[in-house]
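Reading the structure
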Amino acid sequence: LRYVAKRLLQAVAVVFGVSLMTFSLLYALPGNAAMLILGQDATPASLRALEVRLGLNQPFLERYGHWLGGILSGNMGDSLTNGQSVVSIIEQRFPVTGELVLLAFIFSICFSIPVALLAARRPRRIADRLSTIISMMGLSIPPFLLALVFIIVFAVKIHLFPATGYQPLSTGLWHNLKYMVLPSLTLACGLSSVYVRLLRADLSDQMFGEDYIIFARSKGVRGWQILVRHALRNSLLPLITVVALNLGVLIGGSVLIESVFALPGMGQELVTAVESRDVTVIQGIVVLLAVAVTTANLLADLLYGFLDPRIRVQGRS
Amino acid sequence: MNTYVKRSSLLVAMLMTAVLAGVTNAGAVANTSPKSGGTLTVLVVAGTWPGLDPLTDSTPTADATEFNAIYGQLFEQGPNGTVLPDLATGYQWIDSHMALKITLRHGVSFTDGTPFNASAVEYNINRDLTPSYACHCAANFAAVSSVTTSGNYTVILHLSRLFSPLPSAFINAIPGYIYSPTALQSEGEQQFSEKPVGAGPFEVQADVANSTLTLVKNPGYWEKGHPYLAGLTFQSEGEDSSALLSMQSGEGQAITGLAQITSITQSKATPGWQVIAPPSQTWEFVALNQSAAPFNNILAREAITYATNPKQITDVLYHGYYPITEGPSSAGQLFYQWKVPGYDAFNLAKAKTLVTQLGGLTVNLQTTSNTVYWSTEAEALASQWALAGIKTTIQVTSLLQLEVSLKDGNWQAADSNWGNYADPALALPNYFSSTGPFTGTHDGSLDGLMNKGAELVSPTLRFKVYQQIYQRMATQADAVFLYQKKLFTVALKTVHGLPTNQPNNYWENVWLG
């Protein structure tokens, strides 16, 4: 519990630091949302009026303090560009990105564990070589191009999935999934390739270098059982670390995927907010992402203890 | 992300060409008499509609197509920059042109059942012009001192000074979109911006901001038999290729906002597709800052104008789609005149002579990273100028940074397009009057002519004034004028009623067949 409390405190410090840094960077950039909103229609009077209305005329500390005070009292503020509350924007957008990231995670794990097991079962045989080729392709093809290839094959040619767009879960699970399969597969591809390579290498090390494997073999435990019950459990530890660290990569990747597949997610909203210098929306989303990433890493640390009893014992001693 | 997308576009273009060329005919063109029913899905490239209340929405100009569908307008755009009636039936100048009397259509209701009348319009205009809202329309309506009504169907705008482009200022702009005051007051601004109430051809069924806007036919729409469509959906697309593939897969029947000319050529070559390219209201030019060196010297301005070959740029970069212009004028605008006497049209020999006379010329050319064509165009300009001995450094920045530079006077040359107004009196002063926010020009004579152009009401007299304005700008080499940038709509041939004579889509006239 003390460890968890310490990690939570660290997470709060990280989130605070991220918010302050983002705010400072946006403040330092030339121009502001009022200029961008009014664009070619700006007059000095209308520009001043809009800056006052949006609170952009206030000094840095006052603006940041106002925003921070709002956050601590549960108010993330309103968008500078359309007046919508940031909470309602996140409520609209988070389910899309959350589902995209979750499905990508599920697809990548469901693909990488069996493929890595097959490859590690018989190294340098056909399954291993095939997994290497597929992984290399997954790592080399830019996600943008892969997305278009998926759209051409599965939407334009086969008509199995829609090309772009989004339907919420409330319209039905299958209806929703039809729109999410291609984006999440695209996002999962690069990740799966990393996971396959990592897991396969670790499984091979375990299978051919560890005493407990030799011991299990000498007891007559069959190859597949050793691989799945013993080696895989140990190899999951580094995989969990990479998965947790990759959450940020996944969310970053979702920006591009959401753009190509026209998904109304947080990535797309973040890009729009950055382009329009909508500070409150940027701050809201960045803080949420920082919380998500720090939480994922904390959960990964806690999972180590669950998977490896030695870590729990070390922690107690 | 944008750079990444741009780099990938060449690869994608090849892939797309193959796919689009291989498709079968998307459907035979049916007879062209209007048919009712069906839902049209319009894919809007890089489309964002943060809110649907025109006043609090941050991008009302870009969202005109959605607002037109929901609210209609007091006046619509006609061919050659003319003003056509819509929810207003007409206008008349009174009080020696110091007041504009607008007459409204009878028997029209908002979709919440409340009447569309003079008091609703008065409420809208007063709210829209409240200074604290900082309306995009503020500059164009600055001359309006008060709004009154006369009976149920007449609204009078009283002016503090003569301002003849006022009727045009309503088109595709606030306060041309009239919303229900009752709905706004009962819903509150926040909810209203998500589910607004207008008197246009369609009403909002569902909206996911910046993503999907689902509209259904307004059964009580004033124009009998219109709209033809039972439903209209706008879906935002990230970039050209995904929009083209979406249409290819049957998820949309029309695309607006395509940014790359290759997308237009591919669409044109695709069986069953049509490309609509109405006359433009936007002109591309290189602005020159006359407040600082080197362009405070007219010889430098003349040299760079002579060194520019706009025809080559439109032919090579834009496959000849954009007609060239020698002044701030496009075919879709009032007082159009592309050939301007006294303009320093491309002449490399003269450019070289002037550069030699100047002892060399070095230029910093700013442009924006918003779309790929601007940086490509800047490179093409730099190559042409190099032939005349002009050295160019290109500075690609965000649109906001470019705006800041222009406002601060911290620039030499900027490649941009501005305008999109039917009446030149609404846009020209922003870029060429001594007090304009983005101006590099400080010419008292030109200021006087622009003021005169905005005061006169007679179209004949105004045309003469604008001819003088274009000529003055040409002889002073105020800017390098390039071409008339068009806005394209790509649609299946089964989509009818898209206008070819003016640049705005009015969806109430569109049908599927």
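Residues numbered from 1 in each chain as written. Chains lettered and ligands numbered in written order. Predicted model: local features only at pLDDT ≥ 70, side-chain atom pairs only at ≥ 80, totals over all residues. Heavy atoms only, no water.

**Quick word on the overall build of chain B**
Quick reminder of the rule: Elements are defined by DSSP. Helices are runs of H or I of four residues or more, strands are runs of E of two residues or more, and each kind is numbered from the N terminus. Classification of residues uses two cut-offs on accessible area relative to the type maximum, computed with a 1.4 Å probe and protein chains only: under 20% is buried, over 50% is exposed, and between them is partly exposed. Residue exposure ignores everything except the shown protein chains as possible cover, and the areas themselves are Shrake-Rupley values with a 1.4 Å probe. For this count, His and the chain ends are skipped, Lys and Arg are scored as positive, and Asp and Glu as negative. The atoms used to mark charge sites are NZ of Lys, CZ of Arg, CG of Asp and CD of Glu.
Counting secondary structure elements, chain B contains 16 helices and 20 strands. Out of the 513 residues in chain B, the part that is buried amounts to 59%. Of the accessible surface of chain B, which amounts to about 18100 Å², a share of 53% is contributed by carbon and sulfur atoms. Distance between charge centroids for chain B: 9 Å, based on 25 positive and 36 negative side chains.

**With respect to the packing of aromatic side chains**
Each aromatic ring pair is specified by the distance between its two centres and by the angle formed by the two planes. All names here are of chain B. Put simply, the test is: Here the aromatic set is Phe, Tyr and Trp, taking the six-membered ring for Trp, and pairing holds for ring centres within 6.5 Å; pairs whose planes are under 30 degrees apart are stacked, those over 60 apart are edge-to-face, and all others are tilted. Note on criteria: charge over ring means Lys NZ or Arg CZ within 6 Å of the ring centre, with the direction from the centre no more than 35 degrees off the ring normal.
Summed over the entire model, instances satisfying the criterion amount to 39 aromatic pairs over all chains. Centroid distance phenylalanine 285 to phenylalanine 432: 5.6 Å. Interplanar angle 45 degrees. Geometry classified as tilted. Here phenylalanine 285 is found in strand 13 (residues 282-288), whereas its partner phenylalanine 432 is found in helix 14 (residues 424-432), with 147 residues between them in sequence. The pair phenylalanine 285 / phenylalanine 432 is uniform in exposure class, with both members buried. Ring centres 5.5 Å apart and planes at 85 degrees place the aromatic pair tyrosine 321 and phenylalanine 488 in the edge-to-face group. Taken as a pair, tyrosine 321 in the loop between helix 10 (310-318) and helix 11 (348-358) and phenylalanine 488 in the loop between strand 17 (479-485) and strand 18 (489-492) lie far apart in primary sequence, 167 residues in all. Of the residues examined, tyrosine 321 reaches a relative accessible area of 15% and is grouped as buried. Ring pairing ties together the aromatic residues Trp283, Phe285, Tyr343, Tyr431, Phe432, Phe438 and Phe481, which thus form one cluster. Against the face of tryptophan 222 rests arginine 105, its NZ or CZ located 3.7 Å from the ring centre. Above the ring of tyrosine 133, the side-chain terminus of arginine 127 is found at 5.1 Å from the ring centroid.

**Overview of the state of the cysteines**
Operational definition: The disulfide criterion is simple: two cysteine sulfur atoms within 2.5 Å.
Applying the stated rule across the entire model yields one disulfide over all chains. Across a sulfur-sulfur distance of 2.1 Å, B:Cys135 and B:Cys137 are joined as a disulfide pair. Disulfide B:Cys135 to B:Cys137: torsion about the S-S bond roughly 125 degrees, handedness right-handed. B:Cys137 matches B:Cys135 in its accessibility class, with the two residues each being buried. With no disulfide of its own, A:Cys110 has A:Cys189 as its nearest cysteine by sulfur position, at a separation of 14 Å. Accessibility expressed as a relative area gives 25% for A:Cys189, which makes it partly exposed.

**Notes on the sheet that holds strand 8 (residues 202-208) of chain B**
Residues and elements named next belong to chain B. Formally: Any two strands with at least two DSSP-identified bridges between them are counted as paired. In this analysis an axis means a line fitted to C-alpha atoms, helices contributing only their contacting stretch, and an angle means the value between N-to-C directions, from 0 to 180 degrees.
Strand order across the open sheet formed by seven strands is 8-9-10-1-11-18-12, with mixed pairing between neighbours. With partners counted over all chains shown, the strands left at the sheet margins are strand 8 and strand 12 (273-276), one partner each. Across the sheet, the mean angle from the axis of one strand to that of its neighbour is 20 degrees, orientation sign disregarded.

**Side note on the sheet that holds strand 7 (residues 154-159) of chain B**
All names here are of chain B. Spatially, four strands are ordered 4-5-7-6 in an open sheet, and the strand pairing comes out antiparallel. Two strands bound the open sheet, and with one partner strand each, they are strand 4 (88-94) and strand 6 (144-149). Sheet twist, expressed as the average angle between the axes of neighbouring strands with direction ignored, equals 20 degrees. Note: strand 4 against strand 5 (residues 99-104), six bridges, orientation antiparallel.

**Describing the confidence of the model for chain A**
Low-pLDDT portions of the prediction should not be read for the details of their coordinates. Applied cut-off: Residue-level confidence of the predictor is summarised by pLDDT, bounded by 0 at the bottom and 100 at the top.
Taken over all residues, the pLDDT of chain A has a mean of 86, while the share at 70 or more is 97%. Model confidence for chain A, summarised as mean pLDDT per element, is weakest for helix 13 (residues 309-316) of chain A at 61 and strongest for helix 7 (residues 143-157) of chain A at 92.

**Overview of helix 10 (residues 223-260) of chain A**
The periodicity of an α-helix, 3.6 residues per turn, causes residues three or four positions apart to be oriented the same way. All names here are of chain A. Put simply, the rule reads: What a helix should span is 1.5 Å times the count of its residues minus one. Throughout, bend refers to the angle between the axes fitted to the seven residues that end at a position and the seven residues that start at it.
Under the 1.5 Å per step criterion, the end-to-end length of helix 10 is only 44 Å for 38 residues, more than 12% shorter than the ideal 56 Å. By the largest-angle criterion, leucine 232 marks the main kink of helix 10, which is about 45 degrees. Immediately downstream of helix 10, the backbone of alanine 262 shows phi near 55 degrees, a positive value.

**A few points about the packing of helix 5 (residues 86-121) of chain A against helix 12 (residues 279-307) of chain A**
All names here are of chain A. Applied cut-off: Here the word oblique covers every angle except those under 35 degrees (roughly parallel), over 145 (roughly antiparallel) and from 65 to 115 (roughly perpendicular). We call a crossing left-handed when the near helix sits turned anticlockwise from the far one by less than a right angle, and right-handed when that turn is clockwise. What makes two residues a contact is simply this: any of their non-hydrogen atoms within 4.5 Å. The nonpolar class holds Ala, Val, Leu, Ile, Met, Phe, Trp, Tyr, Cys and Pro. Asp, Glu, Lys and Arg form the charged class, and all remaining residues, Gly among them, are polar.
Where helix 5 meets helix 12, the axes come as close as 10 Å, and the angle between the chain directions of the two elements is 55 degrees. Accordingly, the angle class assigned to the pair helix 5 and helix 12 is oblique. Two packed elements cross with a definite hand, and for helix 5 against helix 12 that hand is right-handed. Between helix 5 and helix 12, the contacting residues are Val86, Ile89, Ile90 and Phe94 on the first element and Thr280, Val281, Gly284, Ile285 and Leu288 on the second. Class assignment of the residues belonging to the contact of helix 5 with helix 12 gives a composition of seven nonpolar, two polar and no charged.

**What to know about the interface of chain B and chain A**
Heads up, the rule is: By buried area we mean the combined loss of accessible area, with a 1.4 Å probe, across both parts when two parts are placed together.
Contact with chain B, which involves 55 residues of that partner, is made by 51 residues of chain A. Carbon and sulfur atoms make up 60% of the surface buried where chain B meets chain A, a total of about 4300 Å² over both sides. Of all elements in the fold, only helix 1 (2-21), strand 8, strand 10 (231-237), helix 7 (240-248), helix 13 (399-408), strand 16 (413-419) and helix 14 of chain B reach the threshold of two or more residues within the side of chain B that touches chain A. Counting residues per element, the side of chain B that touches chain A draws most heavily on helix 1 of chain B, which supplies eight residues. The residue inventory of the side of chain B that touches chain A, partitioned by class, reads 24 nonpolar, 23 polar and eight charged.

**Overview of the environment of A:Leu8**
Inspection of the secondary structure puts A:Leu8 in helix 1 (residues 2-28). Spatially, the C-alpha atom of A:Leu8 lies 8.7 Å from that of A:Thr294, the residues being 286 residues apart in sequence.

**Concerning unusual backbone geometry**
Residue and element names in this part refer to chain B. The omega torsion across isoleucine 174 and proline 175 is 0 degrees, close enough to zero to call that bond cis. Summarising the element assignment, proline 175 is placed in the loop between helix 4 (166-169) and helix 5 (181-187). The linkage connecting histidine 226 with the following residue, proline 227, adopts the cis geometry, with an omega of -10 degrees. As for its placement among the helices and strands, proline 227 is situated in the loop between strand 9 (212-217) and strand 10. We note that alanine 134 has phi near 50 degrees; this positive angle belongs to a residue other than glycine. Relative to the helices and strands, alanine 134 is located in the loop between helix 3 (118-128) and strand 6.

**Some points on the nonpolar core**
Operational definition: Residues belong to one nonpolar core when they are buried, are Ala, Val, Leu, Ile, Met, Phe, Trp, Tyr or Cys, and are joined through side-chain atoms within 4.5 Å.
Core analysis: the largest hydrophobic core is formed by 138 residues, its most contacted members being B:Leu157 and B:Phe432. Ignoring anything within four residues of it in the chain, the contact list for B:Phe432 reads B:Trp283, B:Phe285, B:Thr439, B:Thr441, B:Leu446, B:Asp447, B:Met450, B:Met473, B:Asp478, B:Ala479 and B:Phe481. In terms of nonpolar packing, the next biggest core, distinct from the first, is built from 85 residues, A:Phe60, A:Ala155, A:Val260 and A:Val287 among them.

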